[in-house]
Amino acid sequence: STSCSLPPAGPTSSLVIAMPCTYKTETYNEVLRWLDNTPIKYAANPKLKTSKSFVRYAKYAKAKTVGEALRFGTLYLDLLFDHEHGHLKATGQPKRKQLVSPDS
């Protein structure tokens, strides 16, 4: 099976995430073009109110840029999941012209 290794989940993390590539190609093609200052918008919190995910989402969903979302506690995999499920979208530029490789 193919796996994707993603960079560390934050500035203080040394954990490199490796898991199966389970997202649509279109999701990777979009999210892997985002920069730290790409503007984003989260949807209303879709998580179960009694879940830990609800609390985490509430912390990072107020972010206005990708960098803020990461600083507020989102993980790289959350960006992929939330975008693919319609909970997150980029609202403008800048974006990379070329995709960034998750292995770099």
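Structure shown above.
Figured I'd write up the structure that's included with this text. (Residues numbered from 1 in each chain as written. Predicted model: local features only at pLDDT ≥ 70, side-chain atom pairs only at ≥ 80, totals over all residues. Heavy atoms only, no water.)

1. Points about the overall build of the protein
Convention followed: Numbering of helices and strands runs from the N terminus, with a helix taken as a DSSP run of H or I at least four residues long and a strand as a DSSP run of E at least two residues long. Exposed residues in this analysis have more than 50% of their type's maximum accessible area, buried residues have under 20%, and partly exposed residues fall in between, with area computed by a 1.4 Å probe over protein chains only. Residues count as neighbours in contact if any of their non-hydrogen atoms are within 4.5 Å of one another.
Across its full length, the protein carries 4 helices and 4 strands. Going residue by residue from the N terminus, the α and β elements of the protein occur as β-β-α-β-α-α-α-β. The buried share of the protein, taken over its 104 residues, is 33%. Restricting to contacts in the protein with at least 6 residues of sequence separation, those with at least 24 account for 63%.

2. Observations regarding the packing of aromatic side chains
Defined as follows: Planes of paired rings set the category: under 30 degrees apart is stacked, over 60 is edge-to-face and the rest tilted, where pairs are Phe, Tyr or Trp rings (Trp by its six-membered ring) whose centres lie within 6.5 Å.
For the coordinates displayed, the defined rule picks out 4 aromatic pairs. The interplanar angle of 75 degrees and the centroid separation of 6.1 Å between the aromatic rings of Tyr23 and Tyr28 together place this pair among those described as edge-to-face. Ring plane angle 55 degrees and centroid distance 5.4 Å describe the contact between Tyr42 and Tyr60, whose orientation is recorded as tilted. Here Tyr42 is found in strand 3 (residues 40-42), whereas its partner Tyr60 is found in helix 2 (residues 52-60), with 18 residues between them in sequence. Pair check on accessibility: Tyr42 and Tyr60 agree, each one buried. Of the aromatic side chains, those joined through ring pairs into one cluster are Tyr42, Tyr57 and Tyr60.

3. Concerning the pattern of salt bridges
Put simply, the rule is: Each reported salt bridge corresponds to a side-chain nitrogen of Lys or Arg within 4 Å of a carboxyl oxygen of Asp or Glu.
Following the criterion strictly, the structure yields 5 salt bridges and no others. Put simply, Arg33 and Glu30 hold a salt bridge, and the shortest N to O gap is 3.8 Å. A relative accessible area of 24% means that Arg33 is categorised as partly exposed. For Glu30, a relative accessible area of 16% gives the class buried. For Asp36, the salt bridge goes to Arg71, with nearest N and O atoms at 3.9 Å. With Asp36 in the loop between helix 1 (25-31) and strand 3 and Arg71 in helix 3 (residues 66-71), this pair connects stretches of sequence that are 35 residues apart. Assessed through its relative accessible area of 56%, Arg71 is described here as exposed. Salt bridges here are not isolated pairs; linked through shared partners, they connect Glu30, Arg33 and Lys95.

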